[in-house]
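# Understanding the architecture of this molecule
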Amino acid sequence: MELVVHPNKLRLPFQSGQNLLDILREHAVPVSCSCLSGRCGTCRCRVIAGSVIDHGPESGQPHNTQPHNEETRP
């Protein structure tokens, strides 16, 4: 799979189940972060296409095991 970071359209390979913040940090993409667990919201990113599986309290959303589509932007 591939993650495309806008606005520079940087393309980053990743495996299903990987953490978005970890992928961005591994590729030296500048992103603000604080708690590194997703609870504080500092690293919030917007997904403009594709599927996302949220992971309960760490995502700030109710637990949902079904993929859902997001149409958002950073």
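By convention here, each chain's residues receive numbers from 1 onward along its written sequence. With pLDDT at 70 or above as the cut-off, local features in this predicted model cover only qualifying residues; side-chain atom pairs require 80 or more to be listed or tallied, and sums for whole chains, interfaces and linings still use all residues. Calculation of side-chain values draws on the structure's entire complement of heavy atoms; hydrogens and water are dropped beforehand.

A run of DSSP states H or I qualifies as a helix once it reaches four residues; a run of E qualifies as a strand once it reaches two. Both are numbered from the N-terminal end. When helices and strands are tallied, the protein chain shows one helix and four strands. When the elements of the protein chain are put in sequence order from the N terminus, they spell out β-β-α-β-β. Relative accessibility decides the category of a residue: with a 1.4 Å probe and only protein chains considered, values under 20% of the type maximum give buried, values over 50% give exposed, and everything between is partly exposed. A total of 74 residues make up the protein chain; the buried ones form 15% of that total. Here the protein chain has roughly 5,700 Å² of accessible surface; of this, 50% comes from carbon and sulfur atoms. All accessible-area figures derive from a Shrake-Rupley calculation using a 1.4 Å probe, and residue coverage is judged against the displayed protein chains alone.

This next bit is on the nonpolar core. Working definition of a nonpolar core: buried Ala, Val, Leu, Ile, Met, Phe, Trp, Tyr and Cys residues. They are joined through side-chain atoms within 4.5 Å. Counting residues in each nonpolar core, the largest one holds seven residues, listed as Leu3, Val5, Leu12, Phe14, Ile23, Leu24 and Val29. Listed by contribution, the elements that provide at least two residues to this core are strand E1 (2–5) and helix H1 (20–26). Residue contacts are defined here by distance: any two heavy atoms, one from each residue, within 4.5 Å place the two residues in contact. In this structure Ile23 touches Leu3, Leu12, Pro13, Phe14 and Gln18, once residues within four positions along its chain are discounted.

Attention now goes to unusual backbone geometry. Each neighbour pair has its own omega, and for His6 with Pro7 the value is 10°, a cis peptide bond. Its identity as a non-glycine residue notwithstanding, Lys9 has a phi of 55°, on the positive side. Its place among the elements puts Lys9 in the loop between E1 and strand E2 (10–13).

A separate point is the environment of Cys40. On the secondary structure map, Cys40 appears in the loop between H1 and strand E3 (51–52). Given a relative accessible area of 41%, Cys40 falls into the partly exposed group.

To continue, consider the confidence of the model for the protein chain. Per-residue confidence from the predictor is given as pLDDT, running between 0 and 100. Confidence in the prediction for the protein chain averages 75 pLDDT; 70% of positions are at 70 or higher. Per-residue pLDDT, averaged within each element of the protein chain, yields its smallest value for strand E4 (residues 68–69) (38) and its largest for E2 (92).

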